[in-house]
Amino acid sequence: MTQLSPRRKVLRVIGITIAILGIVTIIYAAFVMEAAYYRIQPGPEELGVAEGETRYAQYTVGFVGIALLYTGYKVFKYIPYSEREREHVTEMDL
């Protein structure tokens, strides 16, 4: 394995940390969070009551977890501009 610069090492550690937070968030949304219960009573009791559950909050937290996981992956794979190769290969070089 090639030697990594200190900056790349820090980026890899940060990327792994963010990805782990994303995984924990996804697990939390999938297994720990409960569906939100709602009750709507538009008027007097004789008109009726609408009741139910919604999983909107679970989907939102799950999406945030997926975004964290993706961000962690991109940070892990990021190569700073100062360390990128700048040589361009043209057809004439082949």
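Note: the structure precedes this text.
Residues numbered from 1 in each chain as written. Predicted model: local features only at pLDDT ≥ 70, side-chain atom pairs only at ≥ 80, totals over all residues. Heavy atoms only, no water.

Chemist: Got a minute to help me understand the side chain of Arg 8 in this structure?
Modeler: On the secondary structure map, Arg 8 appears in helix 1 (residues 6-32). The class of Arg 8 is buried, set by a relative accessible area of 16%. Setting aside chain neighbours within four positions, we find Arg 8 in contact with Tyr 78, Ile 79, Pro 80 and Glu 83. (Helix = DSSP H or I, 4+ residues; strand = E, 2+ residues; numbered from the N terminus. Buried < 20%, exposed > 50% of the residue type's maximum accessible area, 1.4 Å probe, protein only. Contact = heavy atoms within 4.5 Å.)

Chemist: Before we go on, may I ask you to explain the environment of Tyr 38 in this structure?
Modeler: In this structure, Tyr 38 sits in strand 1 (residues 36-40). Residue class for Tyr 38 comes out partly exposed when judged on its relative accessible area of 37%. Residues Tyr 38 and Ala 50, 12 residues apart in the sequence, show an inter-C-alpha distance of 8.2 Å. Those residues in contact with Tyr 38 that lie beyond four places of it in its chain are Ala 50, Glu 51, Gly 52, Glu 53 and Thr 54.

Take it as geometry only, folks, not as evidence of what the structure does.
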